[in-house]
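Coordinates in review
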Amino acid sequence: MRFRSHFLFVSALALSAAAAADAAIVFVDGAQTLPVASQFGSTWATAYKTLNQALVNGPGTEVWIAAGTYTPTSGTDRTIFYSFNSLKLYGGFLPGATQLSQRDPVANPTILSGDIGVPGDASDNSFQIIGNCIGANIVIDGLIFEHANGDLVVNGFGGAILMVAAPSFVIQDCVFRDCFMHGSGGAVAINVSSGIVRRCQFVNNSCVGAGGAIDAQTTPITIAQCSFVGNVGTGSGGAVRPLNCTGSSIQNCVFNGNSTSTTGGAIDIFGGNVAVSSCTIANSTAGLVGGAIVIGNIGNTSKITNCLFAANTAPSNPNILSQATVVVQHNGFSSAPSAGAGNVIVAAQFVDENGADNIIGTADDDLHLQAISAAIDHGCGTLLTADAADLDQDGNFAEALPVDFDGHPRLVDDMANNTGLGALPFLDFGAYELDRPYRVICVNQNVTRGAGDGSSWANAFKKLQDGIAASNTFPQPKPVEIWVAEGTYLPTDGSDRSASFAPQGNIKLYGGFAGGEALRSLRSPTDHPTILSGEIGGASTSDNSFHVVDFAGDNVSPNTLLDGFAIIGGNANGGTTPLVGGGIRVRGAAQPSIRTCRFMRNSANAGGGALGVGGSSSKAALFGCFFVANETNGNGGAVIVTDGAAGTSLLNCTLVKNDANNAGGLAVTGAGSAAVVGNSIFFLNKDGVHEDDASQLMALSGGSITLSNSCIPSAGNSVPGSSLVAFPPKFADIDGGDDQFGTLDDNPALAPGSPCVDAGAQSVGSASVPQDTGDIDDD
């Protein structure tokens, strides 16, 4: 590599001796107002105003730079650049910080800019930002480099940084954008220097030579957890060109929309050997060959493993062109897989391949894998490369790569995909490992094989009790979801009527799966009914479970969710108090959320045939539930709220054909007991033989109901409310094809022309339609 001698060195390497002897921190703050004579750089109060002052005057081995924008010169001389020897530069500070951990480069951007002339006019920008980094233990951390323009430099190197004879350098958590060099290394050029580039972003950098973002020559480097978007290396290597860099590694990186007019749209490897592993390379273009990667020079023994190639293009070899003996194994390709063991065609199925701007290959594209992607679990875990950049910062460079591009764990064996090769658990192709924000436990009574540990559909628990027991191990490292396949599940295999399903903690139970789905949104509780049944004995209800589900204790919070189940056959005619809620009992300060569940043919002696809430700190939030053919000898054929319980809400619920001595639908009884009802329908519920408004819902003995935007065809004055519909609701088929209430074919959907259409409200009293905080539809 040739170096330009006509550039003006700012520091002339004056710090080399002083910095080695003095470990002082030098402070820089562009907002400094002290006169220059009073700027010593030894504290934030006396910080230098410019980075030039810190590099020239020092002394120190670390330079802490406050948020702001800094240029190599306050004048217009384009040849001036920063230069230093064996220093550590840190950005992202607010003045006053005393620890490196207190900085935030994202919130407090520290920008080194080449825009020294007319703002926005690149023609008068600095040729280069940092012209020479020389010496050992250089660190460049938390800085943004932008707008270098080496357009008049012949055979130049590194628009943002030129690293020369610098063993053990680290460039990390930096951004390089819109830099250009008329030569190689649009952003960074590395020569006779060994080190690490990690967690950096390279966006829209370019050069007329090799390596639109990075050009590295002669010595080994490691590039890890970096993103390269829209870079252009006209000569070769749209993003990266390693030249004779034996022992180098490129891992966990994302390449998107990089290009070259010649070879290697993303990477051009010539000579040496480079391990490219667990990278996502998409939408890269080469004008000649190797839309993604070109590997040249006979004898090159580079390896490409566990990468994901998608939509790369070139007139020839759209993904990989190898002119050498190269190992290409266990990679996924959107088309035309390279020869080699485990190389397959897979649909990447990115989360959002063209981003908010609807342009493919730009910085807003989201190349994470959807949960249905065929790239999940398709890699080979035994070929996972060593953590050459120590991405988890534990000092172990020899361990297998522990994290992905986001810093999430590698080797996450997803519950729905097990198609990979090599040892379990399987690895995902590309830079991202699908790591759901929640742990999934699968339950399927029809499973016939597997370990039965709930880790996947193939290894599902057969019994829901086992899934709940696994989830109730506290604390869990992340929220737990139990996905339950269609079928009928009993609280016990025996005859103990007091046995109930008893979920607690930050757990969400979802029913309606066929078994095998990768997304919640693919389930259908109607097509695949998941039944929680209290019918543990004979044909009569006398030996049924007292409560099918029993929510008890303050470890049941609003985050405890039951969703998409049919709850049938509970009979609360005995057991422990309160004797309410044959389907579900809520007690002892429990506060569950219950959504889109069907309650059918449950009964109770004291009240709440389907659901009973009792206790001053207990409450339930119900949304979208259907109560039909439930009964009680007491109050509330479907639901009772009693014993001072306040805060229960019924929103968008339908209560039909429930029976009780008082209030066949909902009863709220006892001083302090209260419920909020909105967007709901009460129809054909009976109080003995009556179906008037008092038979639909009633507040008794000091209880209260806040009622709004609901349909009560017999509406009178028993429970005052607002925006009530007093006409029959007109259902699609409320008693189903068998003309019997309380069976699975009952359809409470509204028919066209129903007076209930568009009659609801977002909020009713203290209750609101719940937000989709769990992204239940996976959108």
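Everything below is about the structure shown above.
Residues numbered from 1 in each chain as written. Predicted model: local features only at pLDDT ≥ 70, side-chain atom pairs only at ≥ 80, totals over all residues. Heavy atoms only, no water.

Brief notes about the overall build of the protein chain
Note the cut-off: For the purposes of this entry, the term helix denotes a DSSP run of H or I that reaches at least four residues, the term strand denotes a run of E that reaches at least two, and both are numbered from the N terminus. Buried means the residue's accessible area, taken with a 1.4 Å probe over protein chains only, is under 20% of the maximum for its type, while exposed means over 50%, and partly exposed covers the values in between. Should any heavy atoms of two residues lie within 4.5 Å, those residues are counted as being in contact. To measure how exposed things are, a 1.4 Å probe is used in the Shrake-Rupley method; for residues, cover is taken only from the protein chains shown. His is not counted, nor are the chain ends, whereas Lys and Arg count as positive and Asp and Glu as negative. Where a charge lies is defined by one atom per residue type, namely NZ (Lys), CZ (Arg), CG (Asp) and CD (Glu).
Regarding its fold elements, the protein chain presents four helices and 73 strands. Taking the principal axes of its C-alpha atoms as reference, the protein chain extends roughly 100 × 65 × 50 Å. By residue count, 57% of the 779 residues in the protein chain fall in the buried class. Long-range contacts, defined here as pairs at least 24 residues apart, represent 74% of the contacts in the protein chain between residues at least 6 apart. By element, 54% of the accessible surface of the protein chain is carried by carbon and sulfur atoms, the whole surface being about 27700 Å². Put simply, the protein chain has 31 plus and 66 minus side-chain charges, and the middle of one group is 4 Å from the middle of the other.

Things to note about the sheet that holds strand 22 (residues 221-224)
Put simply, the test is: One bridge is not enough; two strands pair if DSSP finds at least two bridges between them. Orientation is described by axes fitted as lines to C-alpha atoms, over the contacting stretch for helices, and by angles from 0 to 180 degrees between their N-to-C directions.
In spatial order, the strands read 1-2-5-8-13-18-22-26-30-34-37; together these 11 strands make up an open sheet with parallel pairing. Strand pairing shows two members of the sheet lacking a second neighbour, strand 1 (25-28) and strand 37 (327-329), which therefore form its edges. On average, adjacent strands in this sheet sit at an angle of 10° to one another, irrespective of strand direction.

Structural notes on the environment of V641
Within the secondary structure layout, V641 lies in strand 59 (residues 639-642). On the accessibility criterion, V641 (0% relative accessible area) is buried. Separated by 163 residues in sequence, V641 and K478 place their C-alpha atoms 33 Å apart. Residues in contact with V641, not counting those within four places in the same chain, are V613, T648, L666, A667, V668, T669, S673, A674 and A675.

Notes on the packing of aromatic side chains
The description of two aromatic rings rests on the distance between their centres and on the angle between their planes. Threshold: Only Phe, Tyr and Trp rings are paired, with Trp represented by its six-membered ring, and only when their centres lie within 6.5 Å; those with planes under 30 degrees apart are stacked, over 60 edge-to-face, the remainder tilted.
In total, this model carries 14 aromatic pairs according to the counting rule given. Note on W64 and F93: the rings are 4.6 Å apart at their centroids and 10° apart in plane angle, and the pair reads as stacked. Remark: F93 occurs in strand 5 (residues 88-93) and W64 occurs in strand 2 (residues 62-66); sequence separation between them is 29 residues. We classify F93 as buried; its relative accessible area is 0%. Pairing F176 with F202 gives two aromatic rings, centres 4.7 Å apart and planes at 5°, and the pair type is stacked. Taken together, the positions of F176 in strand 14 (residues 175-177) and F202 in strand 19 (residues 201-203) put the pair 26 residues apart, joining distant regions of the chain. Judged by relative accessible area, F176 falls into the buried class, the value being 0%. Residue classification places F202 among the buried positions, given a relative accessible area of 1%. Linked through ring pairs, F145, F176, F202, F228 and F255 together constitute an aromatic cluster.

Let's talk about the sheet that holds strand 67 (residues 697-700)
In spatial order, the strands read 47-51-55-59-63-67; together these six strands make up an open sheet with parallel pairing. Each edge of the sheet is formed by a strand with only one pairing partner; in this case those strands are strand 47 (549-552) and strand 67. On average, adjacent strands in this sheet sit at an angle of 10° to one another, irrespective of strand direction. Bridge count between strand 55 (residues 611-614) and strand 59: four bridges; the pairing is parallel. Its bridge partner being in strand 59, L611 is matched across the sheet by V639.

A short note on helix 3 (residues 464-471)
Formally: Directions drawn from the helix axis to the C-beta atoms are what define this arc.
Every buried residue of helix 3 is listed here: L464, G467, I468, A470 and S471. In a view along the axis of helix 3, the buried residues occupy a sector of 160°, so they form one face of it. Residues of helix 3 that are buried make contact with strand 42 (439-443), strand 43 (480-485), strand 44 (487-489), strand 45 (507-513) and strand 46 (530-533).

Concerning the state of the cysteines
Short version of the rule: Sulfur atoms of two cysteines make up a disulfide when they are within 2.5 Å.
Using the criterion set out here, one finds zero disulfides in the structure. Counting only cysteine sulfurs, C653 is the nearest neighbor of C625, a cysteine outside any disulfide, at a range of 4.8 Å.

Quick notes on the environment of P479
Following the sequence through the fold, P479 ends up in the loop between helix 3 and strand 43. According to the relative accessible area criterion, P479 is partly exposed, its value standing at 32%. It is 9.9 Å that separates the C-alpha atoms of P479 and R436, two residues lying 43 residues apart in sequence.

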